[in-house]
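Residues per chain are reported as follows:
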Amino acid sequence: MVKTVDAALFQRMVIHGAAKINYLKQPINDLNVFPVPDGDTGTNMSLTFSAAATEMKKKSFDTVDAAAKATASALLRGARGNSGVILSLLLRGISKKLKGAEIADGVLWADALQEGVDAAYKAVMKPAEGTILTVSRLAAAKALEAAKENNHIEFVHAAAIEEAKVALANTVNQNPVLKKAGVVDAGGKGWLLALEAMLLALQGGWVRALWTAALLLFIQETEGAFLSPRLVGHATALHPMAVLLMVSAGGIMAGPAGMVLAIPLAVSLRGAVRGWRE
């Protein structure tokens, strides 16, 4: 279990978080009904996070403080829409708490997550429950609890994610607009996805994180441009979330090879079943 995060690992966490949101931006857009049903939350979060990822790819940093500061600055410059602004505020608070730190352990990371929440809430005139604010607040609170039990950053971050999942599922009950539409909060979903991607970078190191990001991009392009139209026709195009689930399952069962073969096998099986029915 990873005890601390240094500058290099923090950079990979940001890059991987941006990659996952970019890949799943349309499913996030589909959830966007509050505060305005304009279907752009995923796009805005992706553009915002991508600005930070671009900055992280430009150079190496000596301390987690420097990496976090550069991330926060890039997010502020690249913030798009309400969700992008809140995302930038979360990371600005995290950066503030990491000031002067060479590395971050579980306690410092939990404090940083809470600082991010405080920064976001202070900037919103009338905070609404059942949003990214709620998800981030409850996740940070859980991180603070977990840090008292175990100071490993991986343990603390994983605990925050589990609480974020519960909080996100409950957003539909907290916001009348979400309840009417029968969906969870789009911004909260984006933040959860970012946290999950960061955990992957923590658990698997840079090789696994970069491999996964590259494979997701490759499979996304291959499935849309080659597999669906050539194997079973355009009508069988797979939803991005389904692709992610199948790739993840393939990775768990058979490693990188399983991730690569998951979509071709699924599409072929789907075609065979349709052929048998017909």
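Residues numbered from 1 in each chain as written. Predicted model: local features only at pLDDT ≥ 70, side-chain atom pairs only at ≥ 80, totals over all residues. Heavy atoms only, no water.

Considerations on the overall build of the protein
Per the secondary structure count, the protein includes 11 helices and zero strands. If you list the helices and strands of the protein from N to C, you get α-α-α-α-α-α-α-α-α-α-α. Counting all 278 residues of the protein, 47% fall into the buried class. Contacts spanning at least 24 positions in sequence make up 69% of the contacts within the protein whose residues lie at least 6 apart. Here the protein has roughly 13,300 Å² of accessible surface; of this, 59% comes from carbon and sulfur atoms. (Helix = DSSP H or I, 4+ residues; strand = E, 2+ residues; numbered from the N terminus. Buried < 20%, exposed > 50% of the residue type's maximum accessible area, 1.4 Å probe, protein only. Contact = heavy atoms within 4.5 Å. Areas by Shrake-Rupley, 256 points an atom, 1.4 Å probe, with all protein chains shown as cover.)

Points about the environment of Pro-127
As for its placement among the helices and strands, Pro-127 is situated in the loop between helix H6 (106–123) and helix H7 (132–149). Owing to a relative accessible area of 35%, Pro-127 belongs among the partly exposed residues under this scheme. Ignoring sequence-local partners within four residues, the contact set of Pro-127 consists of Tyr-121 and Leu-133.

Some points on the environment of Val-183
By secondary structure assignment, the location of Val-183 is in the loop between helix H9 (176–181) and helix H10 (186–232). Residues Val-183 and Val-33, 150 residues apart in the sequence, show an inter-C-alpha distance of 8.4 Å. Ignoring anything within four residues of it in the chain, the contact list for Val-183 reads Leu-31, Val-33, Val-172 and Leu-178.

A closer look at the environment of Arg-77
Looking at the element boundaries, Arg-77 is found in helix H4 (residues 64–78). Residue class for Arg-77 comes out exposed when judged on its relative accessible area of 54%. Considered as a pair, Arg-77 and Ser-88 are 11 residues apart in the sequence and their alpha carbons are 8.9 Å apart.

As for the packing of aromatic side chains
Each pair of aromatic rings is reported with the distance of its centres and the angle of its planes. Under the definition given, this model contains one aromatic pair. Plain terms: the ring middles of Phe-10 and Trp-109 are 6.4 Å apart, the flat faces sit at 75° to each other, and that makes the pair edge-to-face. Here Trp-109 lies in helix H6 and Phe-10 lies in helix H1 (residues 7–23), a separation of 99 residues in the sequence. Trp-109 matches Phe-10 in its accessibility class, with the two residues each being buried. (Phe/Tyr/Trp six-rings, centres within 6.5 Å; stacked < 30°, edge-to-face > 60°.)

Some thoughts on the pattern of salt bridges
When the charged atoms of two side chains lie near each other, side chains of opposite charge can form a pair. Following the criterion strictly, the structure yields seven salt bridges and no others. The partner of Lys-20 in a salt bridge is Glu-196, and the shortest N-O contact between them spans 3.4 Å. Placement of Lys-20 in helix H1 and of Glu-196 in helix H10 is noted, with a sequence separation of 176 residues between them. Overall, Lys-20 belongs to the buried group, its relative accessible area being 15%. Within this structure, Glu-55, Lys-58 and Arg-77 form a network of salt bridges that share partners. (Salt bridge = Lys/Arg side-chain N within 4 Å of Asp/Glu carboxyl O.)

Structural notes on the nonpolar core
One recurring pattern in soluble globular proteins: nonpolar side chains tend to sit buried together. Of all hydrophobic cores here, the largest spans 67 residues; its most connected members are Phe-10 and Leu-98. Sorting elements by how many residues they give to this core places H10 first, with 10 residues. Excluding residues within four positions of it along the chain, Leu-98 makes contact with Phe-10, Val-64, Asp-65, Ala-68, Ala-104, Leu-108, Trp-109 and Ala-112. (Core = buried A, V, L, I, M, F, W, Y, C linked by side-chain atoms within 4.5 Å.)

What about the side chain of Thr-71?
Relative to the helices and strands, Thr-71 resides in helix H4. What Thr-71 contacts, discounting residues up to four positions off in sequence, is Phe-10, Val-14, Ala-52, Met-56 and Leu-91.

Let's talk about the packing of H6 against helix H8 (residues 153–174)
As a packed pair, H6 and H8 sit with axes 8 Å apart at the nearest point and diverge in direction by 35°. Helix-helix and strand crossings are classified by hand; for H6 and H8 the assignment is right-handed. In this structure, H6 contributes Gly-106, Trp-109, Ala-110 and Leu-113 to the contact, and H8 contributes Ile-153, Val-156, His-157 and Ala-160. The class makeup of the residues in the contact of H6 with H8 is six nonpolar, two polar and no charged. (Axes fitted to C-alpha atoms, helices over the stretch in contact; angles between N-to-C directions. Left-handed = near helix turned anticlockwise from the far one by under 90°. Nonpolar A, V, L, I, M, F, W, Y, C, P; charged D, E, K, R; others polar.)

Concerning the confidence of the model for the protein
The predicted model of the protein has a mean per-residue pLDDT of 85, with 75% of residues at 70 or higher. Across the protein, the element-wise mean pLDDT spans from 64 in helix H11 (residues 240–277) up to 98 in H7. In the predicted structure, residues 230–236 sits below a pLDDT of 50 and forms 12 contacts with residues beyond four places in sequence or in another chain. (pLDDT = per-residue confidence, 0-100.)

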